[in-house]
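Given next are the chains, with one letter for each unit.
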Amino acid sequence: MSQMHLWKFFYESDLSGYTLVIPSVAVGNVGQLACDLLISSLKMKKLASVYSPALIPVLGYDPYDLKSTNLSCSCEVYQCESKNIVVLQIRAPLVYKYARSFLENVISTFMTKQIKNIILLTSSYAHENKLISTSPFRYLMTDNCSYEEEIKKLNWTKHQEDQTRLRIYGGGFATMFFEICKENLLPCLILYKFCSEGDNSPDAYDMVHNLNKVLPVFNQDKDIFSQLLPPASWKLLFGGPTPKDIY
Amino acid sequence: MSLFGEVVEPISRNIWEDWDEIIIERDDSNSKLHWDNEVVINKTIDSFYLLDGKYLKQFVNTTHLQLINTVKEVNLNIYEIHTHTHNKYICTIMDYNLILSSEIVQLLQPYFEFCKNVLTVQCISMSEYRTNQLNIQPCLIRGIYTSKALNTSELDIPKLEQPNILSGVPAGVITLRQHLDQMGIALICYVEYTEDYQIEELQKLLHKLEIGSNIQKGPSIVLNSNLYI
């Protein structure tokens, strides 16, 4: 089964001690948009691309450079050497039938690369938020995760587990990924935001802002929003300009 | 041409499966698509053309072609054309579930192992084309080229501008070709009406690719007849 997932690395890189950031395809695509912001703002280099039957195929030219003739597909890995992070950007939903096999393959690939831990960014339906007076962000982490101290200081609200089965409604593959991390004793933190579908780019900015509190990749003394650079592909997200004929 | 008022949702939001409702492994999780006939390829395929969509299928008069394999569930058919100089395969596909795209690409993969060139053609509604320009032609053709095809292709078709993307089987096929460092080109025809049969640009293109020798004068559908006004 693992041969179904083709990894193509463009250059050799030592990822030991790195943090992997991965989005779950979820309501409002907040995790993916946040990863787009990270890749674009940190000017991350493309390390690898992945072809798998678990991914619905999408293809286009480099979304971060309008002049590029390099192709971008459903799943790609980006690296920032100065900040010790890698981002596995997923641009299409996973096919349920192959999802577990793919996620296991992702985890085993990065475990062999000796990454330190994983942060998964996702979202949940706004109507699922029972504590509306609190922050719309929630977190969930494995017992061996090293972010406990920082999160205690930040006073974040923990994900409420009111059922026997772990669930984040609208959160896509997040919980499945979390279970696989637990099985492999790989430290994993899930950070998610309650939101609704619409223009979710502000949610993505918020997500990166919160991520930066536990994983400081941007200067914390400066305004983070001034350090974030939206990718070129975010233009025309909701169609083209209004035709002049209507006036 | 005006597209004002048309609701254009990002593609990813239309197709994602709601995993919240998937509690027990679904019964169909192990059912796989399969070819009706055994895949036997014992020669090099010079060109493999994949035509995605009902409209493009109508372009090809399949009565003179040799059907070699089919997957009925996804309306996938492969035909072979023998000429003196070239050995071509034409594959038509239509009305499939996007979630099955990667599985369909897996089925096609054995054919690509013996294939020099792969070219896909897909018609997409003009409303999905993202541009800053106000005046757009009624038909636009754009291309996505694998690294190997970028400098070698004889086609003079501009590359697809970001943030436009391609999805489905053609996207999977070209992604796979790129991963395997092979030649592959995806052509995307943005048209106002995807069911329209008189698109001159497209007819010229298929003629140039030598798929158009079997072009029908017009599709045999009731709406295009003079039965109704």
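This text goes with the structure placed above it.
Cut-offs applied
Residues numbered from 1 in each chain as written. Chains lettered and ligands numbered in written order. Predicted model: local features only at pLDDT ≥ 70, side-chain atom pairs only at ≥ 80, totals over all residues. Heavy atoms only, no water. Helix = DSSP H or I, 4+ residues; strand = E, 2+ residues; numbered from the N terminus. Rg over C-alpha atoms; globule rule 2.2 N^0.38 Å. Buried < 20%, exposed > 50% of the residue type's maximum accessible area, 1.4 Å probe, protein only. Areas by Shrake-Rupley, 256 points an atom, 1.4 Å probe, with all protein chains shown as cover. Lys, Arg positive; Asp, Glu negative; His and termini not counted. Charge placed at Lys NZ, Arg CZ, Asp CG, Glu CD. Contact = heavy atoms within 4.5 Å. Buried area = accessible area lost by both parts, 1.4 Å probe. Salt bridge = Lys/Arg side-chain N within 4 Å of Asp/Glu carboxyl O. Pairing = 2+ DSSP bridges. Axes fitted to C-alpha atoms, helices over the stretch in contact; angles between N-to-C directions. 1 Å grid on protein atoms, 1.4 Å probe; cavity = no way out; pocket = protein on both sides within 12 Å on 5 of 7 lines; lining within 4 Å. Points joined across faces, edges and corners; volume = space filled by probe spheres on them. Nonpolar A, V, L, I, M, F, W, Y, C, P; charged D, E, K, R; others polar.

Moving on: the overall build of chain A. Secondary structure summary: chain A contains five helices and 10 strands in total. Its C-alpha atoms give chain A a radius of gyration of 18 Å, near enough to 18 Å, the size a compact globule of 247 residues would have. C-alpha atoms of chain A, sized along the principal axes, occupy 60 × 45 × 40 Å. Buried residues in chain A amount to 61% of all 247 residues. Of the accessible surface of chain A, which amounts to about 10,500 Å², a share of 49% is contributed by carbon and sulfur atoms. Charge-centre separation for chain A: the mean point of 24 positive side chains lies 2 Å from the mean point of 24 negative side chains.

This part covers the interface of chain B and chain A. Each side of the interface is counted separately: chain B has 54 residues, and chain A has 59 residues. Roughly 4,700 Å² of surface becomes buried between chain B and chain A when both sides are summed, with 62% attributable to carbon and sulfur atoms. One can count two salt bridges joining chain B with chain A. The residue A:K97 makes a salt bridge to B:E103 at a minimum N-O spacing of 3.0 Å.

Moving on: the sheet that holds strand β3 (residues 76–82) of chain B. Residues and elements named next belong to chain B. An order of β2-β3-β4-β1-β5-β8-β6 is seen for the seven strands of this open sheet, with the pairing classed as mixed. Whereas interior strands pair on both sides, the edge strands pair on one side only; in this sheet they are β2 (66–71) and β6 (139–145). Averaged over all adjacent pairs, the angle separating strand axes in this sheet is 20°, with direction ignored. Two elements, strand β1 (residues 45–52) and strand β4 (residues 87–93), share six bridges in a ladder whose sense is parallel. For L51, the partnering residue across the bridge sits in β4 and is T92. Running at roughly 160° to β1, helix α3 (residues 101–112) makes contact with β1, β2, β3, β4 and β5 (115–125) of the sheet. On the sheet, helix α6 (residues 200–208) packs against β1, β5, β6 and β8 (185–191) and is oriented at approximately 170° with respect to β5.

This next bit is on the layout of surface pockets. Residues and elements named next belong to chain B. Reported here for the second largest pocket is a volume of approximately 570 Å³. Looking at the second largest pocket, it is lined by 21 residues, and the ones nearest its centre are S47, Y49, N117, E154 and L209. Looking at the lining of the second largest pocket, the elements with two or more residues in it are β1 and β5. The residue makeup of the lining of the second largest pocket, split by class, is nine nonpolar, six polar and six charged.

Residue and element names in this part refer to chain A. Counting across every chain of the model gives 12 salt bridges over all chains. Taking the shortest distance from any N to any O, the salt bridge between R100 and E104 comes out at 3.1 Å. Placement of both R100 and E104 in helix α2 (residues 96–112) is noted, with a separation of four residues, approximately one turn of the helix. In this structure R100 comes out as partly exposed when scored by relative accessible area, which is 32%. Taking the relative accessible area as the measure of exposure, E104 reaches 35% and is therefore partly exposed. Note that R100 is salt-bridged to E183, the shortest N-O span being 3.7 Å. One end of the pair, R100, is in helix α2; the other, E183, is in helix α4 (residues 174–183), with 83 residues separating them in the sequence. By relative accessible area, which is 52% here, E183 ends up exposed.

Functional significance is not addressed by these values, which are geometric in nature.
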